[in-house]
Amino acid sequence: MLLIDRGSFDHALEAAMLSAYNPVPTLAVKDLDAARKFYEDTLGLTPSEEEMPDGVMYTAGSGRVFVYPSSYAGSNKATYVSFDVPTEKFDEEVAALRGKVDFQTFDLPGATWEDGVARSDEMKSVWFADPDGNILNISVRL
């Protein structure tokens, strides 16, 4: 006879339910007006028509990104949001950002850097920051 701990079973079902929903990256900024200029003018994101009392919800592809003011803005030093672009659009998107943002480089095992772009056998990527230091990424799998 197989005995199942009902509590563990229920917990596993509850945890699996989140996989049915789209995550919404949430970015803290110090100055919402400056952030709007960056996300709308520099990155070309479109504010959604959804009313947000304390920030701006942007649509991006089939996803969304929420930007809101916080005193903790820029405190994370890791990538906040990655945009997966089609292989044929990567160079075009990077060219459109060149001169508008500073591409960041760092030690990335297995990758070589050329003009701010990391390349490996599996991917091409660039990293850059918004005005508050939130790190964003554009990446393509090869």
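Residues numbered from 1 in each chain as written. Predicted model: local features only at pLDDT ≥ 70, side-chain atom pairs only at ≥ 80, totals over all residues. Heavy atoms only, no water.

Assignment of secondary structure puts Asp130 in the loop between strand 8 (123-129) and strand 9 (135-141). Buried charged residue Asp130 carries no salt bridge. Nearest counter-charge: Lys30, at 9.1 Å. At 2.6 Å, the side chain of Asp130 forms a polar contact with the side chain of Tyr39. Within the structure, the side chain of Asp130 is placed 2.8 Å from the side chain of Asn134, a separation counted as a polar contact. Ignoring any residue separated from it by four or fewer positions in sequence, one finds Asp130 in contact with Val29, Phe38, Tyr39 and Leu136. (Helix = DSSP H or I, 4+ residues; strand = E, 2+ residues; numbered from the N terminus. Buried < 20%, exposed > 50% of the residue type's maximum accessible area, 1.4 Å probe, protein only. Lys, Arg positive; Asp, Glu negative; His and termini not counted. Salt bridge = Lys/Arg side-chain N within 4 Å of Asp/Glu carboxyl O. Polar contact = N/O pair within 3.5 Å; in protein donor to acceptor, adjacent residues only side chain to side chain. Contact = heavy atoms within 4.5 Å.)

A separate point is the sheet that holds strand 1 (residues 26-29). The strands making up a sheet associate through hydrogen bonds between their backbones, and the pairing can be parallel or antiparallel. With respect to topology, 4 strands assemble into an open sheet ordered 1-4-3-2, the strand pairing being mixed. The outermost strands of the open sheet, each flanked by one partner alone, are strand 1 and strand 2 (46-47). Where strand 1 meets strand 4 (residues 63-69), 4 bridges bridge the pair, whose relative direction is parallel. Along strand 4, the bridge assignment pairs Thr26 with Phe66. In the packing of helix 2 (residues 32-42) onto the sheet, contacts are made with strand 1, strand 2, strand 3 (56-60) and strand 4, and the angle to strand 3 comes to roughly 10°. (Pairing = 2+ DSSP bridges. Axes fitted to C-alpha atoms, helices over the stretch in contact; angles between N-to-C directions.)

Turning next to the pattern of salt bridges. As a working rule, side chains carrying opposite charge can pair if their charged atoms are close by. Enumeration over the complete set of coordinates arrives at 6 salt bridges. With its nearest N and O atoms 3.5 Å apart, the salt bridge here joins Asp115 to Arg98. Residue Asp115 is found in the loop between strand 6 (112-114) and strand 7 (117-119), and its partner Arg98 is found in the loop between helix 3 (90-97) and strand 6; the two are separated by 17 residues along the sequence.

What follows deals with the confidence of the model for the protein. Overall, the predicted model of the protein reaches an average pLDDT of 89, with 89% of residues at or above 70. Of all secondary-structure elements in the protein, the lowest mean pLDDT belongs to helix 1 (residues 6-17), at 57, while strand 7 reaches the highest, 98. (pLDDT = per-residue confidence, 0-100.)

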